[in-house]
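Residue-level structural notes
Now for the letters of each chain:
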Amino acid sequence: MSTPLRYELTKKLEYDRRSTVTALAFSPKGSYLAAGSLDGTLSICSTSSGETLYQVHVAGGISLLSILWTAPDERQLLCGLGNGVVISVTITTYVSVANGSTVVTGATSEVSLWDHRIITPPPSIAMNSNSEIIVTSLHWAWTKYSDNTLLVAYLHHGILFWDVRKAKIAHFFYLKTLVGAMHISPDGNTLVVSNLDSGFDVYHLNNCTLDGSILHPCHGRKIPVVFIHGGFAVLSGSSLGQVSIWDTNSRTLLQVLKHEGNS
C-alpha cells in the first residue's frame, strides 16, 4: 500500500481572485462550508463568522472537482481531484488517499462502486452518439425506482438512474443542455442541474419534468450547486469566484456571500 499523501492545514487563506469555485459542501451540522477551486485549493470556513479556518493546497495545482463530508463529527471530507485521485481530509491531522467500501467514484466515462462493481455507461442517441462520455456528477437518492438509486450525470448524455440493488439501469433522462453538476433536495423530490450554458434548471425528480430555471451565466464552466435550508434555497458557485444563494421556488437571487475573493 502506498504511503498516504500528507498536507499541512493552515489558518490563513491567500485567495486568488482568478480562481474558480468548482465545489461546495456544508458539513453535516452546518458548522463549516468547504469550497474547492480550479487551482487545487480546499478552503474550510466557519458558517457563523465567515472566517477561513483551514486550507489545503493540492500539490501541482490539480483541480478539486468534488467534496463530500463523511463523518458526523464534522472532521472528515472526501475530495475528488481532476487527475482521478480521491483524497480524505481530516481537519486536525492530515490528508490521506481515501479508502472505503461505501464510496462511488466517477472519472471520464467510468463510474465505479468501491465494492468493485462498474456502472453500465449511458445509452447514446443521435444527438450525442459522437460525443465523449464524461461523468460530471454523482448523487445517491431514494426514487420510485429503488430506495438505493445512484444518479449519474454526464456532460453530453444526460442523467442515468442506476438501481444499485438490481445492478441495472432503472431510468435514463436525456437533457438538451450540457450537464455540469447536480444536487437533490433533502426531501428527495427536487433535482437542480447546473448546465454549462445558462445557469441552473430545477426538475421534479420522479417524473423528470422541468419546474423552472435560474439564469446565471456559467461561461462554459462546471459550476457547483447544492440545496440548503431544507431545500428552500440553492447555493451556487460561479465562474467569477462568487458564492450566491437563490430562492428555490421563485428562482430569484437572495444574497451574494461576501469574502476576500469578491471583486
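Refer to the structure above for everything that follows.
The sections below set out a description of the structure shown in this document. What you are looking at is a predicted structure, and each value in this text was computed from that prediction instead of being measured.

**A word on the overall build of the protein**
Helix and strand counts for the protein come out as zero helices and 22 strands. By residue count, 49% of the 263 residues in the protein fall in the buried class. For the protein, the share of sequence-separated contacts (at least 6 apart) that also reach a separation of at least 24 residues comes to 39%. Accessible area of the protein: about 13000 Å², with a carbon and sulfur share of 54%.

**Digging into the environment of Y203**
Tracing the backbone shows Y203 in strand β17 (residues 199–204). Spatially, the C-alpha atom of Y203 lies 8.6 Å from that of N189, the residues being 14 residues apart in sequence. Excluding residues that lie within four positions of it along the chain, Y203 makes contacts with F173, L175, N189, T190, L191, V193, C208, T209, L210 and D211.

**Observations concerning the sheet that holds strand β16 (residues 190–195)**
Overall, antiparallel pairing links the four strands, which are arranged β15-β16-β17-β18 in an open sheet. For this open sheet the edge positions go to β15 (179–184) and β18 (209–215), each flanked by a neighbour on one side alone. Neighbouring strand axes in the sheet, compared pairwise and without regard to direction, differ in orientation by 20 degrees on average. The pairing of β17 with β18 spans six bridges and is antiparallel. Paired with D201 across the bridge in β18 is S213.

**Concerning the pairing of strand β2 (residues 32–37)**
Most of β2 sits out of view: five of its six residues are buried. The pairing of strand β1 (residues 21–26) with β2 spans five bridges and is classified as antiparallel. Paired with L24 across the two strands is A35, which belongs to β2. Pairing of β2 with strand β3 (residues 41–46) involves five bridges; the strand directions are antiparallel. Directly across from G36, in β3, lies its bridge partner L42. Hairpin connection between β2 and β3: a loop of three residues separates the two successive antiparallel strands, and G40 in this loop has a positive phi of roughly 85 degrees.

**Considerations on the packing of aromatic side chains**
In this structure the tally under the stated criterion is four aromatic pairs. Centroid distance Y32 to W69: 6.1 Å. Interplanar angle 15 degrees. Geometry classified as stacked. Taken together, the residues Y32 in strand β2 and W69 in strand β5 (residues 64–69) connect sequence positions 37 residues apart. Where Y145 meets F161, the ring centres are 5.7 Å apart and the plane angle is 75 degrees; that geometry is what we call edge-to-face.

**Structural notes on the sheet that holds strand β19 (residues 225–228)**
Strand pairing within a sheet occurs via backbone hydrogen bonds; the two strands may be parallel or antiparallel. Spatial ordering of the open sheet is given by β19-β20-β21-β22, a layout of four strands whose pairing is antiparallel. At either margin of the open sheet sits one strand with a lone partner, and together these are β19 and β22 (253–257). Neighbouring strand axes in the sheet, compared pairwise and without regard to direction, differ in orientation by 25 degrees on average. Pairing of β19 with strand β20 (residues 233–236), which is carried by four bridges, proceeds in the antiparallel orientation. Residue F227 lies in a different strand from β20, and its bridge partner there is V234.

Analysis parameters
- Residues numbered from 1 in each chain as written.
- Predicted model: local features only at pLDDT ≥ 70, side-chain atom pairs only at ≥ 80, totals over all residues.
- Heavy atoms only, no water.
- Helix = DSSP H or I, 4+ residues; strand = E, 2+ residues; numbered from the N terminus.
- Buried < 20%, exposed > 50% of the residue type's maximum accessible area, 1.4 Å probe, protein only.
- Contact = heavy atoms within 4.5 Å.
- Areas by Shrake-Rupley, 256 points an atom, 1.4 Å probe, with all protein chains shown as cover.
- Pairing = 2+ DSSP bridges.
- Axes fitted to C-alpha atoms, helices over the stretch in contact; angles between N-to-C directions.
- Phe/Tyr/Trp six-rings, centres within 6.5 Å; stacked < 30°, edge-to-face > 60°.

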